[in-house]
Amino acid sequence: MFCGKCGGPVNGSERFCKQCGAQANQSAAGAHPSAPPQPAQYGSARPRKSKSTYQLLGLLLGFFGFPGIHNFYAGYTGKALAQILMTVLSCWILWIAAFIWTIVDICTVETDSEGQPFE
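The sections below set out a description of the structure shown in this document. The model shown is predicted, which means the values in this text are computed figures rather than measured ones.

As a further point, take the overall build of the protein. Along the protein, the regular secondary structure elements total four helices and zero strands. Seen in sequence order, the protein has helices and strands lined up from the N terminus as α-α-α-α. Counting across all 119 residues of the protein, residues that qualify as buried make up 29%. Here the analysis covers contacts within the protein between residues at least 6 apart in sequence; of these, 51% occur between residues at least 24 apart. Put simply, the protein shows about 7600 Å² of open surface, and 65% of that area lies on carbon and sulfur atoms.

Take the packing of helix 3 (residues 77-89) against helix 4 (residues 95-108) next. Between helix 3 and helix 4, the shortest axis-to-axis distance is 8 Å and the interhelical angle comes to 155 degrees. Between helix 3 and helix 4, the angle falls in the class roughly antiparallel. Regarding helix 3 and helix 4, the two cross each other, and that crossing is left-handed. Listed contacts from helix 4 to K79, A82, Q83, M86 and T87 of helix 3 are W95, A97, A98, W101, T102 and D105. Among the residues forming the contact of helix 3 with helix 4, the class breakdown is six nonpolar, three polar and two charged.

Let us now look at the packing of aromatic side chains. Counting across every chain of the model gives five aromatic pairs. Ring geometry for F63 versus F64: centroids 5.4 Å apart, planes at 80 degrees, classification edge-to-face. Under the relative-accessibility criterion, F63 is labelled exposed at 52%. Relative to F99, the ring of W95 lies with its centre 5.5 Å away and its plane at 10 degrees, an arrangement referred to as stacked. Here F99 and W95 lie together in helix 4, a separation of four residues that amounts to about one turn. The exposure class assigned to W95 is partly exposed, which follows from its relative accessible area of 22%.

Looking at where K51 falls in the secondary structure, it is placed in helix 1 (residues 51-63). Residue classification places K51 among the buried residues on the basis of a relative accessible area of 14%. At 3.4 Å, the side chain of K51 and the backbone oxygen of I106 are in polar contact. Residues contacting K51, with those up to four places away along its chain left out, are I106, V109, E110, F118 and E119.

It is at 10 Å that the axes of helix 1 and helix 4 come closest, and there the two elements cross at 170 degrees. The pairing of helix 1 with helix 4 is recorded here as roughly antiparallel in orientation. The crossing of helix 1 and helix 4 is left-handed. Across the interface between the two elements, K51, Y54, Q55, G58, L59, G62 and F63 from helix 1 touch W95, F99, T102, I103, D105 and I106 from helix 4.

What counts as what
Residues numbered from 1 in each chain as written. Predicted model: local features only at pLDDT ≥ 70, side-chain atom pairs only at ≥ 80, totals over all residues. Heavy atoms only, no water. Helix = DSSP H or I, 4+ residues; strand = E, 2+ residues; numbered from the N terminus. Buried < 20%, exposed > 50% of the residue type's maximum accessible area, 1.4 Å probe, protein only. Contact = heavy atoms within 4.5 Å. Areas by Shrake-Rupley, 256 points an atom, 1.4 Å probe, with all protein chains shown as cover. Axes fitted to C-alpha atoms, helices over the stretch in contact; angles between N-to-C directions. Parallel < 35°, antiparallel > 145°, perpendicular 65-115°, else oblique. Left-handed = near helix turned anticlockwise from the far one by under 90°. Nonpolar A, V, L, I, M, F, W, Y, C, P; charged D, E, K, R; others polar. Phe/Tyr/Trp six-rings, centres within 6.5 Å; stacked < 30°, edge-to-face > 60°. Polar contact = N/O pair within 3.5 Å; in protein donor to acceptor, adjacent residues only side chain to side chain.

Now the structure itself:
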């Protein structure tokens, strides 16, 4: 028996395809193993984000008074809002503290908010 989604072999007792993870009830007994795989659903395989873009956003925009923008890029919305609000609500008095926080972030953060490593 072969998977109806990717064409990989599926044992009759298995609940999911080992190659693509499709449920066994989606498997087709008559499918040929060299059948072309179905296109992935939208959003299932997204491109990895660039570490250098993350670092440049942090350094350049943080230096010019807008620390936190790099965290929006990586998906850390809470941290981004905290850094921006800390800067704006203090009338840029706490800008240097937020910028130091940004420097620490760009040196230590290795994954985006979904746990996918930067490219």
